[in-house]
Amino acid sequence: MTYSLLAVALALSLLILAILTAIAFKLRGWFWNIHTDIASLHRALEASKEEVRARIAAATLEIINANSLNQLGQTFPVFLGGWSVDAFLGRWLIQHLVEERPKCILELGSGSSTVLIARSLQLLGEADTAHIVVDHEVKYLGITRDISQLNGVADNVEFLHCPLENYASVDKLWYGGLIERLGAHKIDLLIIDGPPGPLQPMSRYPALPLLMEHLAEHCTIVLDDAVREEEQEIARRWINENPGFELTVSFDGHGLAILKR
Ligand SMILES: C[S@@+](CC[C@H](N)C(=O)[O-])C[C@H]1O[C@@H](n2cnc3c(N)ncnc32)[C@H](O)[C@@H]1O
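Residues numbered from 1 in each chain as written. Predicted model: local features only at pLDDT ≥ 70, side-chain atom pairs only at ≥ 80, totals over all residues. Heavy atoms only, no water.

Let's talk about the overall build of the protein
Okay, step 1: Broken down by element type, the protein carries 7 helices and 9 strands.
Okay, step 2: The C-alpha radius of gyration computed for the protein amounts to 31 Å, which surpasses the reference 18 Å derived for 261 residues by more than 25%, pointing to a less compact arrangement than a globule.
Okay, step 3: Referenced to the eigenvectors of the C-alpha coordinate spread, the extents of the protein come out at roughly 120 × 45 × 35 Å.
Okay, step 4: Considering the protein as a whole, with its 261 residues, one finds that 41% of them fall into the buried category.
Okay, step 5: Residue pairs at least 24 apart in sequence account for 69% of intrachain contacts in the protein once pairs closer than 6 positions are excluded.
Okay, step 6: With the model as given, the accessible surface of the protein reaches about 14800 Å², and the carbon-plus-sulfur share is 62%.
Okay, step 7: A gap of 7 Å separates the mean positions of the 21 positive and 32 negative side-chain charges of the protein. (Helix = DSSP H or I, 4+ residues; strand = E, 2+ residues; numbered from the N terminus. Rg over C-alpha atoms; globule rule 2.2 N^0.38 Å. Buried < 20%, exposed > 50% of the residue type's maximum accessible area, 1.4 Å probe, protein only. Contact = heavy atoms within 4.5 Å. Areas by Shrake-Rupley, 256 points an atom, 1.4 Å probe, with all protein chains shown as cover. Lys, Arg positive; Asp, Glu negative; His and termini not counted. Charge placed at Lys NZ, Arg CZ, Asp CG, Glu CD.)

Structure (structure tokens):
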């Protein structure tokens, strides 16, 4: 009888021990999962903090750049961002004009960039620099001319309206009649901000092959909107097809791809 009671007590003890062990394992699993979840939340939080810091730094730099561009003293507002160049490209352009003093500038896509460049050339006393601006839309070319006039910088700008036409050699729409109108000009600085990207695949690709004969031996080409995968592909194609050029890409704001030879 006593043995039977002892056996039952032992069996019960073992059962309780087994249950407690199972509970302990279960709790350990739960705690481990909670620990892992907290660690991954912590990592995600750190990454978000890093991203917010980077965005604040970029936005601050953009405001500083935009504020610096106001020092050009325009008498009528020149808008930045959206369809227009952003403050990063605006800053880059002015720095380039000051450092390199290009003698022939061609802009594909008229707008705020035109006024910033024309005003900078005026302040730098570079009246003999050829500043040619092309647009396929007569409306936007007219707006750019009006804003240039309001800012007193239209006189040294050559405004060319070139409606888009198909160029068989590249099988794309591009600025009709432009090559003929360039005459003997050799371009030191080429700014490519048109035709608009959504118009066709690789919309801005034709600029380099079609203008190659009109580029100065030492020249700079700047392609706006290089945060777009398509613009990056265009820049890579140019580099692959023209080994004499060096490419640098900046991803600030709209992004810039800069080719130098
Ligand atoms: C990216 S924009 C050129 C911007 C120019 N470089 C500037 O700084 O303002 C390319 C083309 O879009 C067209 N465009 C300009 N403003 C536009 C608007 N608000 N809506 C639709 N098209 C516009 C013009 O024909 C222009 O040549």
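A short note on the site of the ligand
Okay, step 1: Close to the ligand lie 14 residues; Ser112, Ser113, Asp135, Tyr140 and Asp193 are nearest.
Okay, step 2: In the model, an oxygen atom of the ligand is placed 3.0 Å from a nitrogen or oxygen of the valine 85 main chain.
Okay, step 3: In this structure, a nitrogen atom belonging to the ligand sits 3.0 Å away from a side-chain N or O atom of tyrosine 140.
Okay, step 4: Taken by itself the ligand offers 590 Å² of open surface, and the protein chains cover 83% of this.
Okay, step 5: Looking at the shell around the ligand, its residues break down into 4 nonpolar, 7 polar and 3 charged. (Near = heavy atom within 4 Å. Polar contact = N/O pair within 3.5 Å; in protein donor to acceptor, adjacent residues only side chain to side chain. Nonpolar A, V, L, I, M, F, W, Y, C, P; charged D, E, K, R; others polar.)

What to know about the nonpolar core
Okay, step 1: Among the nonpolar cores identified, the biggest contains 35 residues, and Leu106, Leu108, Leu178 and Trp238 are the most heavily contacted of them.
Okay, step 2: Those elements that place two or more of their residues in this core are strand E1 (104-108), strand E2 (130-135), strand E5 (172-175), strand E6 (187-192), helix H6 (207-211), strand E7 (215-224), helix H7 (229-241) and strand E9 (256-260).
Okay, step 3: Beyond its immediate sequence surroundings of up to four residues, leucine 108 is in contact with Val134, Trp174, Tyr175, Leu178, Leu190, Ile191, Ile192, Asp193, Gly194, Ala207 and Leu211.
Okay, step 4: Among the nonpolar cores identified, the runner-up in size contains 27 residues, and Ile94, Val115, Leu121 and Val153 belong to it. (Core = buried A, V, L, I, M, F, W, Y, C linked by side-chain atoms within 4.5 Å.)

A short note on the domain arrangement of the protein
Okay, step 1: On domain assignment, one finds that the protein holds domain 1 (1-71) and domain 2 (78-260).
Okay, step 2: With centres defined by C-alpha atoms, the gap from domain 1 to domain 2 works out at 53 Å.
Okay, step 3: The interface is formed by 6 residues belonging to domain 1 together with 8 residues belonging to domain 2.
Okay, step 4: The junction of domain 1 with domain 2 conceals about 650 Å² of combined surface from both sides, 72% of it contributed by carbon and sulfur atoms.
Okay, step 5: Looking at the side of domain 1 facing domain 2, the largest losses of area belong to Glu62, Asn65 and Leu69, adding up to 76% of the total buried there.
Okay, step 6: The interface formed by domain 1 and domain 2 contains 1 residue pair in polar contact (both at pLDDT 80 or more).
Okay, step 7: Within the side of domain 1 that touches domain 2, the residues separate by chemical class into 4 nonpolar, 1 polar and 1 charged. (Domains from an automatic or database assignment. Buried area = accessible area lost by both parts, 1.4 Å probe.)

What to know about the pattern of salt bridges
Okay, step 1: Under the definition given, this model contains 14 salt bridges.
Okay, step 2: For the salt bridge of aspartate 128 with lysine 103, the shortest nitrogen-to-oxygen distance reads 3.6 Å. With aspartate 128 in the loop between helix H3 (112-124) and E2 and lysine 103 in the loop between helix H2 (87-100) and E1, this residue pair connects regions lying 25 residues apart in the sequence.
Okay, step 3: The exposed category is assigned to aspartate 128, whose relative accessible area is 57%.
Okay, step 4: Lysine 103 gets classed as partly exposed once you look at its relative accessible area, which sits at 37%. (Salt bridge = Lys/Arg side-chain N within 4 Å of Asp/Glu carboxyl O.)

Brief notes about the packing of helix H1 (residues 2-70) against H2
Okay, step 1: The contact between H1 and H2 brings their axes to 8 Å, and the two run at 50 degrees. The orientation of H1 relative to H2 falls into the category oblique. Crossing of H1 over H2 shows left-handed handedness. Contact residues: H1 offers Ala58, Leu61, Glu62, Asn65, Ala66 and Leu69, while H2 offers Ala87, Phe88, Gly90, Arg91 and Ile94.
Okay, step 2: Class assignment for the residues of the contact of H1 with H2 results in 7 nonpolar, 2 polar and 2 charged. (Axes fitted to C-alpha atoms, helices over the stretch in contact; angles between N-to-C directions. Parallel < 35°, antiparallel > 145°, perpendicular 65-115°, else oblique. Left-handed = near helix turned anticlockwise from the far one by under 90°.)

Focus on the packing of aromatic side chains
Okay, step 1: Counted under the stated rule, the structure contains 2 aromatic pairs.
Okay, step 2: Summarising the aromatic geometry, the rings of tryptophan 174 and tyrosine 175 are spaced 5.4 Å apart at their centres and angled 70 degrees between planes, so their arrangement reads as edge-to-face.
Okay, step 3: The class for tryptophan 174 is buried, based on a relative accessible area of 0%.
Okay, step 4: In this structure an aromatic cluster arises from ring pairing among Tyr167, Trp174 and Tyr175.
Okay, step 5: Taking the ring centre of tyrosine 205 as reference, the NZ or CZ of arginine 237 above it sits at 4.0 Å. (Phe/Tyr/Trp six-rings, centres within 6.5 Å; stacked < 30°, edge-to-face > 60°. Lys NZ or Arg CZ within 6 Å of the ring centre and 35° of its normal.)

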